[in-house]
Amino acid sequence: MAWRGWAQRGWGCGQAWAQPAGGRSCEELTAALAPPRLLGRRFNFFIQQKCGFRKAPRKVEPRRSDTGTSGEAYKRSALIPPVEETVFYPSPYPIRTLVKPLFFTVGFTGCAFGSAAIWQYESLKSRVQSYFDGIKADWLDSIRPQKEGDFRKEINKWWNNLSDGQRTVTGIIAANVFVFCLWRVPSLQRTMIRYFTSSPASKVLCSPMLLSTFSHFSLFHMAANMYVLWSFSSSIVNILGQEQFMAVYLSAGVISNFVSYVCKVATGRYGPSLGASGAIMTVLAAVCTKIPEGRLAIIFLPMFTFTAGNALKAIIAMDTAGMILGWKFFDHAAHLGGALFGIWYITYGHELIWKNREPLVKIWHEMRTNSPKKGGGSK
């Protein structure tokens, strides 16, 4: 049999090998060691096979997640959660994955500024009433007996001493702290990765563009972002007002994530991103563009000061270099997109958007005027 003879020669036990002098042949050794029922030549192949080398088992390597189109594993930043169990599948047609995020960005931004215009209209209407309500409240407090050690009174006193900007960002900071606590719940890890991290290779594309703006996995990352937001809150709210600030901040989070999507699709790096840095870069860029001669300092190095304009140039240069060179510690594309949006809005967008808000405000005013009262009839 040809196959059997090949097997014998391949394993070093066939007739091709000479019988050693003064020793036993391989067949004799096989026959001596084999059980009686396997002594026939028909079963020699199975016995002789044991005389050879055994093939080493193949080492099973762990599956790598989040690989780009180039096949290289994505190196995760220390600021994002571990995503070894979550595999991202880039689309074979990457440009198509940007269609839905583009429509979501345009639609959400329009709704944000439309809502801000209506909110400002309502605020102007109620400002006089609020003024008289404040006078009445102060008069009642003056004649009401004071309570010593009242915790609620201390909270109200602290709240009243805050600026308008600080009051506005307090809710944003609270939302970020709440989401940070959700990251610490093990049973919510998959949900948090799916909806609170943004990636163009994820199954959910649109909602994470907004939700990831309030998401931080690292305590240092969240503390640094919230400190910068708190520091610039008074200036940005004084420039834009509370209503415009909220519209700009929420829109900036979505726009910066869309820029990140475009960069990831163009470079093939589909790693997840999260954090408020893109929106905060919009705030910082807007303030530095409006007040370029303002003096800034680093928190740990207060002795070194520099102008806001120079700081903005340095940040843009660093993020541009990081995006071109592929630095992976920060999402430099999102930072750069947020900064450019802040510069554009404070230079051109503010005047453009708020000049064109009149038709929407007029429609809202007519709806409010023609709406029926609670007691019946119309005004």
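An unreviewed UniProt entry lists the protein under the name Presenilin-associated rhomboid-like protein, mitochondrial, from Ailuropoda melanoleuca. Word for word, the UniProt comment on the protein under Subcellular location (unreviewed entry) is "Mitochondrion inner membrane". According to the UniProt record, the Subunit (unreviewed entry) comment for the protein reads "Interacts with PSEN1 and PSEN2. Binds OPA1."

Draft legend 1. Structural view of the overall build of the protein. Secondary structure assignment for the protein yields 14 helices and two strands. In the protein, buried positions account for 39% of the 379 residues. A separation threshold of at least 6 residues defines the contact pool for the protein, and within that pool the share at least 24 residues apart is 71%. Accessible area for the protein stands at about 24,100 Å²; split by element, carbon and sulfur atoms hold 63% of it.

Draft legend 2. Spatial organisation of the packing of helix α9 (residues 219-240) against helix α10 (residues 242-267). Orientation of α9 relative to α10, taken along the N-to-C sense of each, is 120 degrees, at an axis distance of 7 Å. On the basis of their axis angle, the class for α9 and α10 is oblique. Like other packed secondary-structure pairs, α9 and α10 cross with a definite hand, here right-handed. Contacts between α9 and α10 involve L229, I236, V237 and L240 on the former and, on the latter, Q242, Q244, F245, V248 and Y249.

Draft legend 3. Spatial organisation of the environment of K264. Note that K264 resides in helix α10. Overall, the relative accessible area of 8% leaves K264 in the buried class. Separated by 67 residues in the primary sequence, K264 and D331 have C-alpha atoms spaced 9.8 Å apart. Every residue in contact with K264, bar those within four places of it in the chain, is listed here: S198, S199, P200, R269, Y270, G271, P272, S273 and D331.

Draft legend 4. The arrangement of empty space enclosed by the protein in detail. One pass over the full model with this rule turns up one cavity of 30 Å³ or more. Put simply, the largest cavity is a space of about 450 Å³. K264, S273, F330, D331 and H332 are, among the 35 residues lining the largest cavity, the residues nearest its centre. Taken together, the elements giving at least two residues each to the lining of the largest cavity come down to α10, α11 (277-290), α12 (308-325) and α13 (332-355). Top element by residues in the lining of the largest cavity is α10. It accounts for seven residues. For the lining of the largest cavity, the residue count by class is 13 nonpolar, 18 polar and four charged.

Draft legend 5. Up close: the UniProt feature "transmembrane region" (unreviewed entry) in the protein. Per the UniProt annotation, the sites labelled "transmembrane region" (unreviewed entry) are residues 102-121, 165-183, 204-224, 244-262, 298-317 and 329-347. Each end of residues 165-183 is marked by a C-alpha atom, and these two atoms are 28 Å apart; helix forms 100% of the span and strand 0%. Between the C-alpha atoms that bound residues 329-347 there is a distance of 30 Å. The span itself is 84% helix and 0% strand.

Draft legend 6. Layout of the layout of surface pockets. There is about 1,100 Å³ of room inside the largest pocket. Forming the walls of the largest pocket are 30 residues, and the residues nearest its centre are A224, N225, V228, L284 and I315. Of all the secondary structure elements, the ones that give two or more residues to the lining of the largest pocket are α9, α11, β1 (295-298), α12 and α13. Here the lining of the largest pocket takes nine residues from α9, the largest share from any one element. When its residues are assigned to classes, the lining of the largest pocket shows 22 nonpolar, six polar and two charged.

Draft legend 7. Geometry of the pairing of β1. For β1 and strand β2 (residues 301-307), the ladder comprises four bridges, and the chain directions are antiparallel. Across the sheet, the residue bridging to I298 is L301, located in β2. What sits between the antiparallel neighbours β1 and β2 is a turn of two residues.

Cut-offs applied
- Residues numbered from 1 in each chain as written.
- Predicted model: local features only at pLDDT ≥ 70, side-chain atom pairs only at ≥ 80, totals over all residues.
- Heavy atoms only, no water.
- UniProt positions renumbered as here; feature names shortened; annotations may be inferred.
- Helix = DSSP H or I, 4+ residues; strand = E, 2+ residues; numbered from the N terminus.
- Buried < 20%, exposed > 50% of the residue type's maximum accessible area, 1.4 Å probe, protein only.
- Contact = heavy atoms within 4.5 Å.
- Areas by Shrake-Rupley, 256 points an atom, 1.4 Å probe, with all protein chains shown as cover.
- Axes fitted to C-alpha atoms, helices over the stretch in contact; angles between N-to-C directions.
- Parallel < 35°, antiparallel > 145°, perpendicular 65-115°, else oblique.
- Left-handed = near helix turned anticlockwise from the far one by under 90°.
- 1 Å grid on protein atoms, 1.4 Å probe; cavity = no way out; pocket = protein on both sides within 12 Å on 5 of 7 lines; lining within 4 Å.
- Points joined across faces, edges and corners; volume = space filled by probe spheres on them.
- Nonpolar A, V, L, I, M, F, W, Y, C, P; charged D, E, K, R; others polar.
- Pairing = 2+ DSSP bridges.

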